[in-house]
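# Residue-level structural notes
Each chain is listed here by its residues.
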Amino acid sequence: MTNKKFKQNTKDYEFGGGNIAEPPMRKRTRGFLNSKNVVPYVFVSPFIISFLILTLYPTIQAFIMSFQRILPGQVTFIGFQNYERIFNPAFFKALSNTTIYTIATVFVLVLVPLILAILLDSKFVRFKTIFRSALFIPSLTSVVVAGIIFRLFFAESESSIANQMIGLFGFDPVSWQYTGWSGMLLMVLIASWRWMGVNVLYFLAGLQNISKELYESADIDGANIFQKFLYITLPSLKPIMVFVTTISIIGGFRVFEESYVLWEGNSPGNIGLTLVGYLYQQGIQQNDMGFGAAIGVIILLIIFIVSILYLLITGGFKRGDE
Amino acid sequence: MKKKNDTVTKWLLTIIIAIIAFIALFPLISLIISSFRPSTELMRDGITFSINWNELSLDNYVYIFTQAGEYWQWYGNSLIVSALTIILSLFFSSMVGYSLALYNFKGRNLIFLFVLVIIMIPFEVLMLPLYQLMIDIKLINTYTGIMLPLIVSPTAVFFFRQYAMGLPQELMDAARIDGCTEYGIFFKVMAPLMLPSFAAMAILQGLHSWNNFLWPLLVIRSNDLFTLPIGLATLLTPYGNNYDILIAGAVMTVIPIVILFGLFQRYFVAGLTTGGIKG
């Protein structure tokens, strides 16, 4: 309705407005570039250009490259050979590492921030803003800085903080960076430390959207604090939980940097090899771009399938339609 | 009776949260303290609980300010790249978002759909073809090459669109009647109204570009063009021969951002909660 009114106004303007003193030719080009039919396209043109060159072209190219053998100055189509080569031990190691990492980070990065947000939202807590900021500050650090810190925390020496702490429980020092399970632990810790605060903010926003009236009427019905949590807070938070989980799943399968800052791309026995790390290793370090592109396509498919499945299970799609 | 109970809960909860907040900040605090420790000791022992207070000194910082020319070169590169990324991406993304929100034109919904789709596509999948493209158009090892994929940010477009949807359209009509061109309406009337969204996106884009790792890692070849994260990562070797620059240098990449955060908290929060979608 407002749009109709709009068009009316512009027409009035195009007929009646304009500078009469100007020569007609100039007026027409100016009028053309300034017409409401053209201006929006001028405004969105940077996006369209960037979309065509930096998204659409590379997407198509990624699929094409995955069927090619790419040597400097010589590109040959080799059918599905890249894909046939993919299913090798290193890839499965990367796949299992990435899957474990994703499950662990999703678990930590949904559960802990949820609890923290509920605590922070409670009317009993003081200095909320300060605590919120404190939880958030780690998100400002780059992954490299986080890597430096955690490498030093978990240094091999007996006196490093991590080894001192397990020493309290009578365990021997661990060379954290070079052992399978602890390498994974380090990756998960780096990611959790950096993303915790952001997820807390999402949940806080979700909590603040819950109408106070719901709690009031529950009070009238005599519900206790746990019933209120179970029947009001949790169901109301479901959309935001689905959202946070989805981005954590996608982020999990894209993991690379946490591994890179720990092992610079070459972890002992591939304990830190991730899918994107494998893509980097093959596509960039080994310069086998066709094979790398095929790995990329597989990663895309995995992320696509897993997130669709997750959204189907949780009914995330239905919610969007409502 | 009930009041007294409330006070106890209040302080108990506050103390619990304070402990958690301390744990969250502990890694950064210990990094800062460690940056005053002798680098050889740090390399040997890692970060430790026990601190020899007599050994703390400004040596690492003195070294970095007097000897580490390449560190400042990286710092300068990061500043230039981040500043240009902020300016260009804000300029382009705001125009796109504004247009998607306030004009009615053919293909608008399709373009908006593309914005959402791009947010969903993992960058890593496009990385190799983009890298190839950068080689072909000779943008490898240039500032432009580092910035190009960030310039029209779909997240920023999305954010600007959401923000512009809430602006009063009557103002546009009023400006038209006053004889303002469509471009004038955007730059003189509407963009100033979108200032808070510019602040939030400046911070998101700045932070993203300052901390960006994977793409610069591919595009930059020579030491003198390294950005801070890439440069610092080259110092991260198991031999630890550069720990003086590494630790003090790491502290100095974080401190400016934490100060900015203190000043513009609100915008950081707005920017990062949208930006979380794409790392």
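Residues numbered from 1 in each chain as written. Chains lettered and ligands numbered in written order. Predicted model: local features only at pLDDT ≥ 70, side-chain atom pairs only at ≥ 80, totals over all residues.

### Details of the overall build of chain B
- Of the regular secondary structure elements, chain B holds 15 helices and zero strands.
- Since a compact globule built from 279 residues should have a radius of gyration of about 19 Å, the 24 Å found for chain B marks it as more spread out than a globular shape.
- Out of the 279 residues belonging to chain B, those deemed buried represent 44%.
- A sequence separation of at least 24 residues applies to 78% of the contacts in chain B between residues at least 6 apart. (Helix = DSSP H or I, 4+ residues; strand = E, 2+ residues; numbered from the N terminus. Rg over C-alpha atoms; globule rule 2.2 N^0.38 Å. Buried ≥ 20, exposed ≤ 12 C-beta atoms within 10 Å, placed from the backbone. Contact = placed C-beta atoms within 7 Å.)

### A look at the overall build of chain A
- Scanning chain A from N- to C-terminus turns up 15 helices and two strands.
- In chain A, which comprises 322 residues, the share counted as buried stands at 38%.
- Sequence-distant contacts in chain A: of pairs separated by 6 or more residues, those separated by 24 or more amount to 67%.

### As for the domain arrangement of chain B
All names here are of chain B.
- According to the domain assignment, chain B contains domain 1 (2–61) and domain 2 (67–275).
- Relative placement of domain 1 and domain 2: their C-alpha centres are 32 Å apart.
- With ten residues of domain 1 in contact, the opposing surface of domain 2 contributes eight residues.
- Looking at the side of domain 1 that touches domain 2 element by element, the count peaks at four residues for helix α1 (residues 2–34).
- Partitioned by chemical class, the residues of the side of domain 1 that touches domain 2 number six nonpolar, four polar and no charged. (Domains from an automatic or database assignment. Nonpolar A, V, L, I, M, F, W, Y, C, P; charged D, E, K, R; others polar.)

### Here's the deal with the interface of chain A and chain B
- Of the residues lining the interface, 81 residues belong to chain A; the matching set on chain B comes to 79 residues.
- The residue inventory of the side of chain A that touches chain B, partitioned by class, reads 52 nonpolar, 24 polar and five charged.

### What about the domain arrangement of chain A?
Residue and element names in this part refer to chain A.
- With domains assigned, chain A is organised as domain 1 (2–83) and domain 2 (86–321).
- With nine residues of domain 1 in contact, the opposing surface of domain 2 contributes eight residues.
- When residues of the side of domain 1 that touches domain 2 are traced back to their parent elements, those giving at least two are α3 (39–65), β1 (68–71) and α4 (81–86).
- In the side of domain 1 that touches domain 2, the residues fall into five nonpolar, three polar and one charged.

### What about the packing of helix α5 (residues 108–120) of chain B against helix α8 (residues 154–165) of chain B?
All names here are of chain B.
- The contact between α5 and α8 brings their axes to 9 Å, and the two run at 135°. The pairing of α5 with α8 is recorded here as oblique in orientation. Where α5 crosses over α8, the handedness of that crossing is left-handed. Across the interface between the two elements, V115, I118 and I119 of α5 pack against P154, T155, V157 and F158 of α8. (Axes fitted to C-alpha atoms, helices over the stretch in contact; angles between N-to-C directions. Parallel < 35°, antiparallel > 145°, perpendicular 65-115°, else oblique. Left-handed = near helix turned anticlockwise from the far one by under 90°.)

### Digging into the pairing of β1 of chain A
All names here are of chain A.
- Burial of the side chains of β1 is restricted to one face: Q68 and I70 are buried, whereas none of R69 and L71 on the reverse face is.
- Of the pairings in the sheet, the one linking β1 to strand β2 (residues 74–77) comprises four bridges and is antiparallel in character. Within β2, the residue paired with I70 across the bridge is V75.
- The antiparallel hairpin formed by β1 and β2 contains two residues in its connecting segment, where G73 sits at a positive phi of about 75°. (Pairing = 2+ DSSP bridges.)

### Details of helix α11 (residues 195–211) of chain B
- Spanning 17 residues, α11 of chain B covers 24 Å between terminal C-alpha atoms, matching the ideal 24 Å at 1.5 Å per step.
- Buried within α11 of chain B we find S197, F198, A200, M201, I203, L204, Q205, L207, H208, S209, W210 and N211 of chain B. (Expected span 1.5 Å × (residues − 1).)

### Some points on unusual backbone geometry
- Even without being a glycine, N270 of chain A presents a positive backbone phi close to 55°.
- Mapping N270 of chain A onto the fold places it in the loop between α12 (257–263) and α13 (275–285).
- Of note, the phi angle at N141 of chain B is positive, near 65°, even though the residue is not glycine.
- Here N141 of chain B shows up in the loop between α6 (123–136) and α7 (143–151).

### Focus: the packing of helix α4 (residues 69–102) of chain B against α11 of chain B
Residue and element names in this part refer to chain B.
- In contact at an axis separation of 9 Å, α4 and α11 are set at 140° when each is read in the N-to-C sense. Here α11 runs oblique to α4, going by the angle between their axes. As for the relative orientation of α4 and α11, their crossing is right-handed in sense. Residue-level contacts link S78, V81, S82, T85, I86, S89, L90, S93 and S94 of α4 to F198, M201, A202, Q205, G206, S209 and W210 of α11.

### What about the confidence of the model for chain A?
- The share of residues in chain A with pLDDT of 70 or more is 88%, and the mean pLDDT across the chain is 84.
- Every residue in residues 1–23 of chain A is under pLDDT 50, and counting partners more than four places away or in other chains gives 14 contacts. (pLDDT = per-residue confidence, 0-100.)

### Structural notes on the environment of G272 of chain A
Residue and element names in this part refer to chain A.
- In this fold, G272 is placed in the loop between α12 and α13.
- Residue class for G272 comes out buried when judged on the 26 C-beta atoms lying within 10 Å of it.
- Considering only alpha carbons, one finds G272 and Y101, 171 residues apart in sequence, at a separation of 9.8 Å.
- In contact with G272, other than residues within four places in its own chain, are N97, G183, M187, S259, L262, W263 and S267.

### Structural notes on the confidence of the model for chain B
- Across chain B, the average pLDDT comes to 87, with 95% of residues at 70 or higher.
- For this predicted complex, the interface confidence score (ipTM) comes to 0.88, while the overall pTM stands at 0.87.

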